[in-house]
Amino acid sequence: MKKDEVRQMTKSFDSISQRTPDENIEFWFARDLMELLDYSRWENFQTVLKKAIISCESTGCDPNDHFRDVTKMVRVGSGAERSVDDFMLTRYACYLISQNGDPRKESIAFAQSYFAIQTRKQELIEDRMRLQERVEAREQLKEAEKTLSQNIYERGVDSAGFGRIRSMGDAALFGGHTTQAMKDKYGIIQTRSLADFLPTLVIAAKNLATEITNYNVIQEDLTKEPAIAAEHIQNNETVRDMLGQRGIKPEDLPPEEDIKKLERRVKSEDKKIAKQSGKLPSSK
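So, here is what we can say about the structure in this document.

1. A look at the overall build of the protein chain
Logical step 1: Assigned secondary structure in the protein chain consists of 11 helices and 4 strands.
Logical step 2: Overall, the protein chain is about 70 × 40 × 40 Å in size when its C-alpha atoms are taken along their principal axes.
Logical step 3: A buried classification covers 46% of the 284 residues belonging to the protein chain.
Logical step 4: Restricting the contact set of the protein chain to residue pairs at least 6 apart, pairs at least 24 apart contribute 64%.
Logical step 5: Counting every atom, the protein chain has about 15,500 Å² of accessible surface; 48% of that belongs to carbon and sulfur.
Logical step 6: For the protein chain, the separation between the mean place of its 45 positive charges and that of its 47 negative charges on side chains is 3 Å.

Spelled out as structure tokens, the structure:
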């Protein structure tokens, strides 16, 4: 997401925030938030709301502190008013809603970072979004590799063979540098995964090559290690060529912070969101 888009979305989310008159607790109305998260039907958004309330309960928080059902009067086309169901939501509630939404929507991905940052400074939101993108890319690669391992096991390749295939794919992607050579270059210990230290772009590149291999293994009914290895090598070479056309050599990019440390930091920050957002006043 571009800086201008982040700036505009920040203004949009800021514009619908409210404050309780006495306690000065920041909150949002669900129907206002629904529109910014690109949900057109209240019924669909209620499904996400219910999931968020369950998530709130699972963390040990009282949903009544963060989700408050209310009735509002809204003006209809004829100029008359009618009552509609709505919710008051703390920042923590909004964060849980974004966590339970569709992350493929840019608005949802933005909201996950927007509500996670107490001060909501644009640069902090951008940093959080980049962190989030890297964590999500790593999870996608894990799933793709898990699927490949299962697919090729059914086609006569054991776990050791999968390791060799993945290593040959790395050598093709990193211009002849083996997995171990890249670990040595980055100073990664033997027991840790190379992908945990790669930049988001390279993780995504590995994922793309793996997904293509998954697809072609099934479509072309490939069996046995040599055929599947050749396929995986070719796909990594193709992805490398694509990056090369943009002047990018994966082996020359610097490593990034250990993704497991990032995940621990995110979890630690997430635990603080509920406390920092405050609690809605008791209904009278």
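2. What about the packing of helix 7 (residues 159-173) against helix 10 (residues 225-244)?
How two helices pack is summed up by the angle between their axes together with the distance between the axes.
Logical step 1: Direction vectors running N to C along helix 7 and helix 10 enclose 25°, while the axes themselves pass 8 Å from each other. By the angle between their directions, the pair helix 7 and helix 10 is classed as roughly parallel. Here the hand of the crossing between helix 7 and helix 10 comes out right-handed. Touching Gly161, Arg164, Ile165, Arg166, Met168, Gly169, Ala172 and Leu173 of helix 7 are Glu225, Ile228, Ala229, His232, Ile233, Asn236, Glu237, Val239 and Arg240, all from helix 10.
Logical step 2: Among the residues making up the contact of helix 7 with helix 10, the classes are represented as 8 nonpolar, 4 polar and 5 charged.

3. Looking at helix 7
Logical step 1: Over its 15 residues, helix 7 runs 21 Å from end to end, which matches the ideal 21 Å to within 8%, given 1.5 Å per residue.
Logical step 2: Those residues of helix 7 not exposed but buried are Gly161, Phe162, Ile165, Gly169, Asp170, Ala171, Ala172 and Leu173.
Logical step 3: Elements that come into contact with the buried residues of helix 7 comprise helix 6 (122-153), helix 8 (179-186), helix 9 (200-219) and helix 10.
Logical step 4: One side-chain oxygen of the residue at the start of helix 7 lies 3.3 Å from the amide nitrogen of alanine 160, identifying that residue as aspartate 158.
Logical step 5: Looking one or two residues beyond helix 7, the residue adopting positive phi is glycine 175, at roughly 65°.

4. Description of the pattern of salt bridges
Logical step 1: Counted according to the given criterion, the structure contains 17 salt bridges.
Logical step 2: The salt bridge partner of arginine 104 is aspartate 102, with a shortest N-O separation of 3.1 Å.
Logical step 3: According to the relative accessible area criterion, aspartate 102 is partly exposed, its value standing at 24%.
Logical step 4: Look at the salt bridges and you will find they share partners, linking Arg138, Arg192, Asp196 and Asp258 into a network.

5. Observations concerning the environment of leucine 141
Logical step 1: Looking at where leucine 141 falls in the secondary structure, it is placed in helix 6.
Logical step 2: Once the C-alpha coordinates of leucine 141 and alanine 209 are considered, the two residues, 68 residues apart in sequence, prove to be 9.9 Å apart.
Logical step 3: The contact partners of leucine 141, leaving out residues within four places of it in the chain, are Ala195, Ile203, Lys206, Asn207 and Thr210.

6. Some remarks on helix 11 (residues 259-277)
Logical step 1: For helix 11, built from 19 residues, the straight-helix expectation of 27 Å at 1.5 Å per residue is met to within 8% by its first-to-last C-alpha distance of 27 Å.
Logical step 2: Within helix 11, burial applies to Ile259, Leu262, Glu263, Val266, Ile273, Ala274 and Ser277.
Logical step 3: Capping the start of helix 11 is the job of one residue whose side-chain oxygen sits 3.0 Å from the backbone nitrogen of lysine 260: aspartate 258.
Logical step 4: Of the residues flanking the end of helix 11, it is glycine 278, one or two places downstream, whose phi is positive at about 80°.

7. Brief notes about the nonpolar core
Logical step 1: Ranked by internal contacts, the top residues of the largest apolar core, which has 36 residues, are Phe45, Phe67, Leu89 and Ile97.
Logical step 2: Among the secondary structure elements, those contributing two or more residues to this core are helix 1 (3-15), helix 2 (30-36), helix 3 (42-58), strand 4 (81-90), helix 4 (91-99), helix 5 (106-114), helix 6 and helix 11.
Logical step 3: With residues up to four places along the chain from it excluded, the contact list for phenylalanine 67 reads Leu49, Ala52, Ile53, Cys56, Phe87, Met88, Leu89, Ala93, Leu96, Ile97 and Leu280.
Logical step 4: In this structure, Leu141, Phe174, Met182 and Leu243 belong to the second largest nonpolar core, which totals 17 residues.

8. As for the side chain of aspartate 65
Logical step 1: Along the chain, the position of aspartate 65 falls in the loop between helix 3 and strand 3 (67-75).
Logical step 2: Accessibility expressed as a relative area gives 19% for aspartate 65, which makes it buried.
Logical step 3: Ignoring anything within four residues of it in the chain, the contact list for aspartate 65 reads Thr90, Gly278, Lys279 and Leu280.

About the thresholds
Residues numbered from 1 in each chain as written. Predicted model: local features only at pLDDT ≥ 70, side-chain atom pairs only at ≥ 80, totals over all residues. Heavy atoms only, no water. Helix = DSSP H or I, 4+ residues; strand = E, 2+ residues; numbered from the N terminus. Buried < 20%, exposed > 50% of the residue type's maximum accessible area, 1.4 Å probe, protein only. Contact = heavy atoms within 4.5 Å. Areas by Shrake-Rupley, 256 points an atom, 1.4 Å probe, with all protein chains shown as cover. Lys, Arg positive; Asp, Glu negative; His and termini not counted. Charge placed at Lys NZ, Arg CZ, Asp CG, Glu CD. Axes fitted to C-alpha atoms, helices over the stretch in contact; angles between N-to-C directions. Parallel < 35°, antiparallel > 145°, perpendicular 65-115°, else oblique. Left-handed = near helix turned anticlockwise from the far one by under 90°. Nonpolar A, V, L, I, M, F, W, Y, C, P; charged D, E, K, R; others polar. Expected span 1.5 Å × (residues − 1). Polar contact = N/O pair within 3.5 Å; in protein donor to acceptor, adjacent residues only side chain to side chain. Salt bridge = Lys/Arg side-chain N within 4 Å of Asp/Glu carboxyl O. Core = buried A, V, L, I, M, F, W, Y, C linked by side-chain atoms within 4.5 Å.

None of this, on its own, says anything about what the molecule does.
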